[in-house]
Amino acid sequence: MDTASRKCSETLLEVSNIDQPVMQQEPDKEPPGHMYYTYEELQSRPYITADSQIPENLLYLSHSFGYDSGRRANLQVFDDRTLSLIAGNLLVLLDVPTKQQRYLRSCSGGGIGSVAVHPSREYFAVAEKGNRPNIIVYEFPSLRPHRILDGGAKLAYSFVDFSRDGKLLASVGSAPDFMLSLWDWRQEEVKLSCKAISQEVYRVTFSPHIPGQLTTSGSGHIKFWQMANSFTGLKLQGLLGRFGKTAVTDIEGYVELPDGKVVSGTDWGNLLLWEGDLIKVEICRKGGRTCHAGTARPFTLEEGQLMTIGSDGAVRGWDFESIDTADCKSDSGMFEMEPMNEMVIAHASLCSVVKSSLPDSFLWFAQDCSGSIWKLDLSFTNTTPDPECLFSFHAGPIQGMDVSRKSHLMATTALDRLVKVFDFVAKRELTSSRFTKGGTVLCWAPSLVSQTGGLLVTGFEDGVIRLLELYNPKSLHAVTWRSHKGDAELNLKQAFKPHNAPVTAIAYERNGEILATGSSDCTVFFFTVGEKYNPIGFIQVPGPVQGLEWSPHSHNENTLLILCQSGHVIEVQSPDPEAQNLNNTYHLSGLTCRYFRFRSIKSRIKRDWEIARLQAAKGKKKREEEEQVKPRKEQWEDSEMLVEEEEDQTLPPIYIPDPPSPLYCGFYSLSDQFWLTMGGFDAGYLYHCKFSEKQDEDPDQRQDEPFEFLPVHNADDDPICSVTFSSNRKMILCGMHSGSIRVYPLLSHDDSLTSMEAYWALSLHDNQYGHLRHIRCSHDDQFVLTAGDDGNIFSLCLIPPEELQKALQAKKAKVPSPRVGLDTENVAQDIEDSAAYSIEMAKQKLEKDQMRREAETKVAARRKRLTELQKRFKEVLDKNQSLPEHVCLQPAELQLDQQFGEQAEKVKAQRAKEVRNELAWEEERCCIALRQLQDQYFLTSGSVTVVAIRSDHRVTTYHLQAFTERSHSPAQQGQNSAPAPAAHLEHKKYRAEPLNENSKIQEEVPIPPPARAGAIKLADWQIERLRKAAEKAEQARVKIEKRKREWAQLFTEKPVENSEDPQDVKAISDASENIGDLKLKSAKDFTAPKHLRMNAEKKRAELSALEEKIHEKKTAMNEQILALRDTKVRLVSEVHAQAQRLQRVQRHLASHFHHPTPTLPTMLPEETPERRLQYSRTTLERYRDLKNNRVTAVKMQEDQDVAMTLLEQLEKEMVGEEEKRGREAEEVQERREEEALDSSAAREGDTEEEEIEKLTNFEEEVWKEKEIRLLHEEGWLLEQMEAAVLRFDSKLLLLRHEKLQMDGQLKLADLRHLTLVEELLLIKDFEKTEESLQEKLNERMEEENNVMCKTETYNGQLEVKQREIVRLQEQEKSLMASFRALLGDNNKFADLLTRVFKKKIKRVKKKEQTAMEGEQKDSDEDSDSDDWDVDNIDDDEDDDSISENGGKPLDDSICPPECNPELFENILQFREHRLDLEEQLVEERKCAEVLTKDRDALIKTEKVVQSSRKAAESDLELINKEKQQKMNELDVVVPLRLHQIEFLTNGSVPKDLSSALVLDWTELNRLQERIKELQIEKSQQRDLYCQARQQHVQVRHDHKDMKDNIQVLRENCNQVMMLRFGQLVDLEALQTLSGNRTLEELKQDVVLREAAYDKEFQLWEMKVAEARQALLEVTRCNTELLLCMTNFIIQKKKLEDKIQARQRKIGRQFQDSRKLVDQEDIQKLLDFVKTQAQQAEVLKTEISFLSRKGGHILSLGQALLPPFVPLPTPTCVNHTDNPGHPSSQHKVQFSTSSQGPN
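Just so it is clear, the structure is predicted and the values come from calculations on it, not from any experiment.

Some remarks on the packing of helix 19 (residues 1390–1398) against helix 22 (residues 1461–1528)
Item 1. Closest axis-to-axis distance for the helix 19/helix 22 pair is 8 Å, and the angle between their directions is 30°. For the pair helix 19 and helix 22, the crossing hand works out as right-handed. Taken together, the residues of helix 22 that come into contact with helix 19 (itself represented by Leu1393, Val1396, Phe1397 and Lys1398) are Leu1463, Phe1464, Ile1467, Leu1468, Phe1470, Arg1471 and Arg1474.

Here we look at the packing of aromatic side chains
Item 1. Taken as a whole and assessed by the stated rule, the structure comprises 33 aromatic pairs.
Item 2. Considering the side-chain rings of Tyr47 and Tyr759, the 5.4 Å spacing of their centres and the 40° angle between planes classify their relative orientation as tilted. Of this pair, Tyr47 sits in strand 1 (residues 47–48) while Tyr759 sits in the loop between strand 54 (740–745) and strand 55 (760–763); the two residues are 712 residues apart in sequence, bridging distant segments of the chain.
Item 3. For Tyr47, a relative accessible area of 26% gives the class partly exposed.
Item 4. Judged by centre distance (5.2 Å) and plane angle (80°), the ring pair of Phe667 and Phe725 falls under edge-to-face. Residue Phe667 is found in strand 48 (residues 663–668), and its partner Phe725 is found in strand 52 (residues 720–725); the two are separated by 58 residues along the sequence. Across this residue pair, the class does not change: Phe667 and Phe725 are buried.
Item 5. The structure contains a cluster of three or more aromatic residues connected by ring pairs, namely Tyr39, Phe78, Phe124, Tyr138 and Phe140.

Focus: unusual backbone geometry
Item 1. A cis amide bond, omega 10°, links Phe140 with the succeeding residue Pro141.
Item 2. You can see Pro141 is positioned in the loop between strand 9 (134–139) and strand 10 (145–150).
Item 3. For the peptide bond that leads from Asp658 to Pro659, omega is 5°, which places it in the cis range.
Item 4. By the element assignment, Pro659 lies in the loop between helix 6 (633–650) and strand 48.
Item 5. The backbone of Ala73 sits at a positive phi, close to 50°, despite the residue not being glycine.
Item 6. Here Ala73 is to be found in the loop between strand 2 (60–64) and strand 3 (76–79).

Considerations on the state of the cysteines
Item 1. For the coordinates displayed, the defined rule picks out zero disulfides.
Item 2. Lacking any disulfide linkage, Cys721 is separated from the closest cysteine sulfur, that of Cys665, by 7.8 Å.

Points about the sheet that holds strand 31 (residues 388–392)
Item 1. Overall, antiparallel pairing links the four strands, which are arranged 28-29-30-31 in an open sheet. Of all the strands in the sheet, the pair left with one neighbour each is strand 28 (350–355) and strand 31. Direction aside, neighbouring strands of the sheet carry axes that sit 25° apart on average.
Item 2. As judged from the six bridges shared by strand 29 (residues 363–368) and strand 30 (residues 372–377), these two strands associate in the antiparallel manner. Looking at the pairing, Trp364 lines up with Leu376 of strand 30.

Here we look at the sheet that holds strand 55
Item 1. An order of 1-55-54-53-52 is seen for the five strands of this open sheet, with the pairing classed as antiparallel. Edge positions in the sheet fall to strand 1 and strand 52, since each has one partner strand and no second.
Item 2. When strand 54 meets strand 55, the two strands line up antiparallel, connected through four bridges. Its bridge partner lying in strand 55, Arg742 is registered against Ala761.

Re the confidence of the model for the protein chain
Item 1. Predicted confidence across the protein chain gives a mean pLDDT of 81, with 82% of residues reaching 70 or more.
Item 2. Between residues 1406–1447, whose pLDDT stays under 50, and residues either more than four places distant or in other chains, the model counts 36 contacts.

Quick look at the pattern of salt bridges
Item 1. Counting across every chain of the model gives 67 salt bridges.
Item 2. One salt-bridge network, held together by shared partners, links Asp68, Arg71, Lys129 and Asp766.

Criteria and cut-off values
Residues numbered from 1 in each chain as written. Predicted model: local features only at pLDDT ≥ 70, side-chain atom pairs only at ≥ 80, totals over all residues. Heavy atoms only, no water. Axes fitted to C-alpha atoms, helices over the stretch in contact; angles between N-to-C directions. Helix = DSSP H or I, 4+ residues; strand = E, 2+ residues; numbered from the N terminus. Left-handed = near helix turned anticlockwise from the far one by under 90°. Contact = heavy atoms within 4.5 Å. Phe/Tyr/Trp six-rings, centres within 6.5 Å; stacked < 30°, edge-to-face > 60°. Buried < 20%, exposed > 50% of the residue type's maximum accessible area, 1.4 Å probe, protein only. Disulfide = S-S within 2.5 Å. Pairing = 2+ DSSP bridges. pLDDT = per-residue confidence, 0-100. Salt bridge = Lys/Arg side-chain N within 4 Å of Asp/Glu carboxyl O.

Rendered as structure tokens:
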């Protein structure tokens, strides 16, 4: 951009002195093309409280250090050196070479949504955010507002885009309307508009190939739009893309293809090809890999490549034709391909790219979400440079920022793991350091801590605190004689980890002796400040720490104010840094703390305001009524009651938010008092709080209210996020949640903020997510630094930038010098492991280790003492045992106290319980393993028999072995098969050999082009473009050849007119081979088809399938038997329970009523074999005893045998003991039952007799009723027992029957298994022979394919040679015709020239000629041109060299006299051309003969190979027949029943059934049904024949119509070619045209000349701009003079008025004495007025001169005006509540100057 344009744009950015008029336009007329708005009236201005006298330009924007890299499409290219970025409410224009910035403010004050550049690069559109935002189209580079588009969105625009021709502008709004609008932006009107969708829309673009087509994409959708004409006019029709089986994804990028398809990206990294509204294919890389790792975004289609970027930092180019023709034949919908080109940027996440504005450039600029801007060269050549990082910023929200207390330095950190240091005066980054985790807070150490001012304290998200030293490495290099690396470096001084969660706050104590750090783990840690920071201790707080604030020096006590996010505020006394912590923890429990928990009062404040408002309204109404009328007292009281009721109804309720509102920031005011700012519901106020005297309550249960509040204007939805004071505390700066900055002027020592009323506010950061959390003032209060969550960092200055630069020229930012010994000390150890122990955890672990060691020492000592006591006690017991019995003490006497034993038992029980709890998991695991082993034993090895209860029927499970699935791959059966014929087809695709240099003959005689005076060197990209054009032409040629081959293949496949359908022929052949030819395998002429031939692999698979099926059947039956066994177990328990119940019933009945109890069922040992595995502790002890007893007896035996013997013996003993215990238990039970029955009978007899005597009639009736009920219950129990037993027996019988049937089926399966095994063994015998023959056959077939491929290749080469011979012959004829045309008619030298043309000369071969070229060149120059070269004449053709006149030989080196020399030279060239053609023709014929001989030899070889192949096939066929015969000899058992045998002889079954045929009944039925089906098919075929005839007739008519249509299309094509080219051209030749180097050189020459002219034009523009500036200065001076004249006139009028008033007031007595004095004053004033009038005349004359064209300025010799002092006029400031809308008022601001006209 030239200097004049830059100056013009800078003038527009500042407040200009000359306003341009705002163009007013009629609504129905198009605005004129030269109409421009005034930027100063459109731009948003700061909000200033009315009547506050705060200047509008309180702060000036100095520089932007950040980049909102997470915003979509936040990078645009304006020209070859200007990039644009959106930074909150600013559009930053970034000059790439100089890195200077220019700014455009948002006109709405609500931020900027999107930016789009016009295709001509002359305009750009800025779509804003806010209430009903506008789209403003600016002119570039003047930056003047050209058009304003209003009404396209309610709150914000999300994307805008110009059409390809630049006539239309598309915009899409964000929530809530999501409106898609098409603008005729030059007329400032909406052309089409509709709602896009109800989801967030990321992009909208016009199709670059199809007019009227648009595409939008966004959250989980893509939509295709078309501008279509309807009967109501032009409309937008949208088609929503349907994902189908593909997962729904957010679509960040897409590219429209020329044929209307769209390629979009996905979240998982693949590409989607859309055709219509459906996904045609999903594109991935080979092997199912994704195209990108992460989100994929296609961005352009260029040079036959589809370019994509991804969050993995890769740029890949994909073949466009492969994507355009992509199709998937499988159900997966995936299409695999690999990229053509690739470029990977390490540690980058690309989200947007824009192309350079240079024509035919391969340069692109990429936006990196990691905070960088890259310059990429996507030419993908060998000379392509590596990606260049142009700018590097923070990525994501700024987590920490602070400024130096001594210099203009700023440090920042973010979650991108970077710590950066900036010089905000020089506007540059000094240094940066990267760490393992992201930074969360940063603090610059005060001067009391670091005298050099270079210490930074940074907190990170893993809880680590790092002390970083900033120093100037140049000073260090000067000492150590090292090379300079930069202006600043960061050195790690110390690293420690006090927290286990992100560090959120850092603060130094006011004396610089203590450092406090807070974290979200609810702890605050204290450290002593010194050369090394040592921990003091920490305290726990009720919530995550939000901020730390030390008390200022004005307070008496040194305290720390801790602000928690949960609303808690804690004040803690400063700990003693010299106190030694002797505890085992760093927790400080002795510090005095005071707590405050914020309780919301906002609802009460609003309620009080509402009450006050109602009372004021009530009083006003009362006064009005008293003035008007005086109603009765009762009516007045009634009205009062009504008003009170209305007041009660309208009062807002008291509301306490739950959860509480978050606390944002706070600071001390007076001692024990502090201010808080809250978010959420409680926003909008500053709360003045103090600590309560009652500190005994629980901090979590406290409810403390502020004692004072200060309302913040317009902050209910925009809370204060950060607060800072200037160094003199005369200004308080607030960072708002909406990203704006507020400045409140304060009075001195106003700690209560009573003067905090008027303020100055300016929107800086993004209003939606750019929360301003960090705001700082520089050490000299000249700068204000802000950092927000949108990643932007701004520096603002309090004075204009021009004056600031002058003031700070001598005060540049100074980087501290390195401290002494920095270069020699060891590198500080960093904490890189995020899982490292914190300081407290490390100390706790150390203490625990120490305690464990001490405990182990004590335990060892006690165990030793206990061992000694046990030993002594044993000695005492032994001694006691040795004493006589009457003297020996009893065990009870040895116990000192029984309580000791009880206590020991309790301790033992408790420890046993603890051990059981500890081993519970292991016990459960072992139990599960045991159950699995038992289940496996029962399913595989065990055999369970279930026996019936009333009979001896039983059913037993099958014995199953562990089944292992065999993996037989049927796909391997084709390993030995013949190779597929596709290989032969592949080899048919030969490529003809390229012709040699001798065959490249042009159609016309070559004429050398005229040499150019000087060649112009082409640029690399131009050479690359020529190369790509040649490649494109070559690709077009290949496509044409491919299409010709396809047409030729199509014509070769075209059937003859009377030929039949190949499918019908194939169906007939299949029917003739298969239908009706039911050959038996035992027939002699039976030949097994290839797909039915059996080999070992197939047989093994068949055998495995049979075994698997048998296993499944047995397993199912075993499961049924086990289920029946479980049923019997439940039945036995139920029957025993019923028997016991029956016994209880019979006890209450008389003996003659007792029915015999049925035999109770029991479980037999074979029914529960698993009981053998059950054991008890007694069993285990018995096994141990047996093993110990037999150790000596079995020393010579094997261990396994011993174990088996012991187990058998133990099992026998267990069985015997069980039987014995069972018999004893039965005897005891029988004895008890008999005794019980006897006793009960005796008692019953006695009782019956007694009861009979004692019972009354009523009691006797009750007894009988009870007896009847018991009898019924007895009968019911017996029936239930019998029924249950019968049901079980019936189930067992049914299952036994099923098992018997399955036994038969399994036997048949075993027979089938046996047959398969025999067949497998037989096949194995033939396997080796068959494999060898198959291998031999494969070799023969491969050899035959190779021979056939070579034959086809030779045939193709022979065809090429024949075509070349024909072409050379045609060229020879063409050359002869050209020769005749050259001679013309009636040429007297025709015979001579014909002889010269046809003369045969000896020619040196081209290879030899090339080697001898240098020697022949010298000899040709020395030869005499007058002599004839007789040696070159052929001796065999001497008769042709004799002239007709004198018989002299023909000399062709000299032109005959009177012959045209140019004609003679052309004849010689023609002769050379003819000789070349003849030589090539002879060579081609020789080659053709050689190829013919080779082809004939190959044909003979092919016949031999075919015969050998057929012999191998016959041998293999014989082996297969022999194998089939052997298999036929195997016996197959087929059980048949009599009703299945229909082979009868005389009505009976013959004895010999060898001639019978075993046939499946279903197959026989199928053959019978097939007869009926054939009859139906016959009738259907007749109908098809009739339809085919009709279709044939229709096809003939269609064929005729298509011929006519083709003829019409051919004529239309010819007409179009005539209209476009003026003649019929060969389109194929046109497509194969390559680049023209001469044309490119001429273009390059034009570009160079234009560049030179542009430079000259810029020089002239600079001169014009200087002249305009001079004119402007002169005009400004004249304007100042006019102002002065006006002021003088006003002063004159005032003086005259004063004189007249004084004359009227002064009496006549004073007139005479003052008359002389007054006359002198009047005369002076008159002279002064005359002088002013003369000055005014001179100024008017000069103005008239200057206003003329070619006017001049007065020379120095002319009279100058007398000097005067100009009077300044105040500047008018206009404040509006809505600065976003353009104002219709014109404001003129004049500046004063003391300089006169030059």
